[in-house]
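If you want the building blocks of each chain, they are given just below.
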Amino acid sequence: MEKSTFMNRPRTMIVFNAITILAIVVLFEFLKFAENKILLAGFELLIVIAAVITFYMAYWQTGLWRLSHIKTEKLDEREIKLVSDSLRISYSVFTILTILIIYAFAVIEKGPIDVVIAAGLLYFAHILPSAILGWRGKNF
Amino acid sequence: MKSRKLYNRIALLRLERRMSRQELADKIGVNFQTIGYLEREEYNPSLDLAFRISEVFELPIPFIFSTAPLKALSDELLNREIK
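Residues numbered from 1 in each chain as written. Chains lettered and ligands numbered in written order. Predicted model: local features only at pLDDT ≥ 70, side-chain atom pairs only at ≥ 80, totals over all residues. Heavy atoms only, no water.

Structural notes on the overall build of chain B
Inference 1: Per the secondary structure count, chain B includes 6 helices and 2 strands.
Inference 2: The secondary structure elements of chain B, listed N-terminal to C-terminal, are β-α-α-α-α-α-β-α.
Inference 3: Whereas a compact globule of 83 residues would reach a radius of gyration of roughly 12 Å, chain B reaches 13 Å, a difference of no more than 12%.
Inference 4: Viewed in the frame of its principal axes, chain B has a C-alpha envelope of about 35 × 35 × 20 Å.
Inference 5: Burial statistics for chain B: of 83 residues in total, 36% are counted as buried.
Inference 6: Carbon and sulfur atoms form 55% of the exposed surface of chain B, whose accessible area is close to 5500 Å².
Inference 7: Charge-centre separation for chain B: the mean point of 14 positive side chains lies 4 Å from the mean point of 12 negative side chains. (Helix = DSSP H or I, 4+ residues; strand = E, 2+ residues; numbered from the N terminus. Rg over C-alpha atoms; globule rule 2.2 N^0.38 Å. Buried < 20%, exposed > 50% of the residue type's maximum accessible area, 1.4 Å probe, protein only. Areas by Shrake-Rupley, 256 points an atom, 1.4 Å probe, with all protein chains shown as cover. Lys, Arg positive; Asp, Glu negative; His and termini not counted. Charge placed at Lys NZ, Arg CZ, Asp CG, Glu CD.)

Below, the structure is given as structure tokens:
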């Protein structure tokens, strides 16, 4: 049996992946005003690589991505219940988060959300059910 | 509505028949990890799944599942009360 370490705990990798996505979005905002764009763009590329690696470790390797994206006919009743619970929670979380972001942009009069935030939200919408499954620590 | 905990004899019956979790899972059409959840009584099966399990073991559902803690089979045979 594989020994559980800090790095192979699903929760740890889920948090790391969320941090990398947040870092990509924040760094992109800085990139707009930065003088040394090449240095920041290089740093952004490193974070994108880190995001891909943490995605692989958190969602692909653990089977979380497969579980939340597979057709329901291929799941048994317990798995369907797990996925449906995670979808229900992620729907609420995603709606609240999106509304908060849109409100924040309206309040600071920054105009519509930019493409990187939109892409981040799209990615977030896709991984959220898997993240909730992993966070709740169920076997899949 | 919160469902009641269901007690079962799946682990005992499976071991008695020298069946692996994977074999039982294949026979009733679920993931082998679901067998673990059922055996640990962490998941209540649907009526359909309960029927499938009873068909595999060729035993009536009330013998496999109960809403009260199940007596040991030796006690059941001798019709003794649980202490």
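Observations concerning the packing of helix H2 (residues 21–28) of chain B against helix H3 (residues 32–39) of chain B
Residues and elements named next belong to chain B.
Inference 1: For the pair H2 and H3, the least separation of the axes is 8 Å and the interaxial angle reads 100 degrees. Taken together, H2 and H3 sit at an angle that is classed as roughly perpendicular. In this structure, H2 contributes Arg21, Gln22, Leu24, Ala25 and Ile28 to the contact, and H3 contributes Phe32, Ile35, Gly36 and Glu39.
Inference 2: For the contact of H2 with H3, the class distribution of residues is 5 nonpolar, 2 polar and 2 charged. (Axes fitted to C-alpha atoms, helices over the stretch in contact; angles between N-to-C directions. Parallel < 35°, antiparallel > 145°, perpendicular 65-115°, else oblique. Contact = heavy atoms within 4.5 Å. Nonpolar A, V, L, I, M, F, W, Y, C, P; charged D, E, K, R; others polar.)

A word on the interface of chain A and chain B
Inference 1: Counting residues at the interface gives 8 residues for chain A, matched by 11 residues for chain B.
Inference 2: Of the roughly 800 Å² buried between chain A and chain B on both sides combined, carbon and sulfur atoms contribute 44%.
Inference 3: Remark: the boundary between chain A and chain B carries 0 salt bridges.
Inference 4: Viewed at the interface, chain B and chain A are joined by 6 residue pairs in polar contact (both at pLDDT 80 or more).
Inference 5: Partitioned by chemical class, the residues of the side of chain A that touches chain B number 1 nonpolar, 1 polar and 6 charged. (Buried area = accessible area lost by both parts, 1.4 Å probe. Salt bridge = Lys/Arg side-chain N within 4 Å of Asp/Glu carboxyl O. Polar contact = N/O pair within 3.5 Å; in protein donor to acceptor, adjacent residues only side chain to side chain.)

Quick notes on the packing of aromatic side chains
Inference 1: Across all of its chains, the model carries 4 aromatic pairs over all chains by this definition.
Inference 2: Ring centres of Phe55(A) and Tyr59(A) lie 5.7 Å apart, and the angle between their planes is 40 degrees; this geometry places the pair in the tilted category. Note that Phe55(A) and Tyr59(A) are positioned in helix H2 (residues 37–60) at a spacing of 4 residues, about one turn of the helix. Like Tyr59(A), Phe55(A) is buried.
Inference 3: Ring plane angle 75 degrees and centroid distance 5.3 Å describe the contact between Phe55(A) and Trp65(A), whose orientation is recorded as edge-to-face. Placement of the pair is Phe55(A) in helix H2 and Trp65(A) in helix H3 (residues 64–69), with a sequence separation of 10 residues.
Inference 4: Judged by its relative accessible area of 19%, Phe55(A) falls in the buried class.
Inference 5: By way of ring pairs, the aromatic residues Phe55(A), Tyr59(A), Trp65(A) and Tyr123(A) are connected into one cluster.
Inference 6: Note that Arg40(B) overlies the ring of Tyr37(B), its terminal NZ or CZ placed 5.0 Å from the centroid. (Phe/Tyr/Trp six-rings, centres within 6.5 Å; stacked < 30°, edge-to-face > 60°. Lys NZ or Arg CZ within 6 Å of the ring centre and 35° of its normal.)

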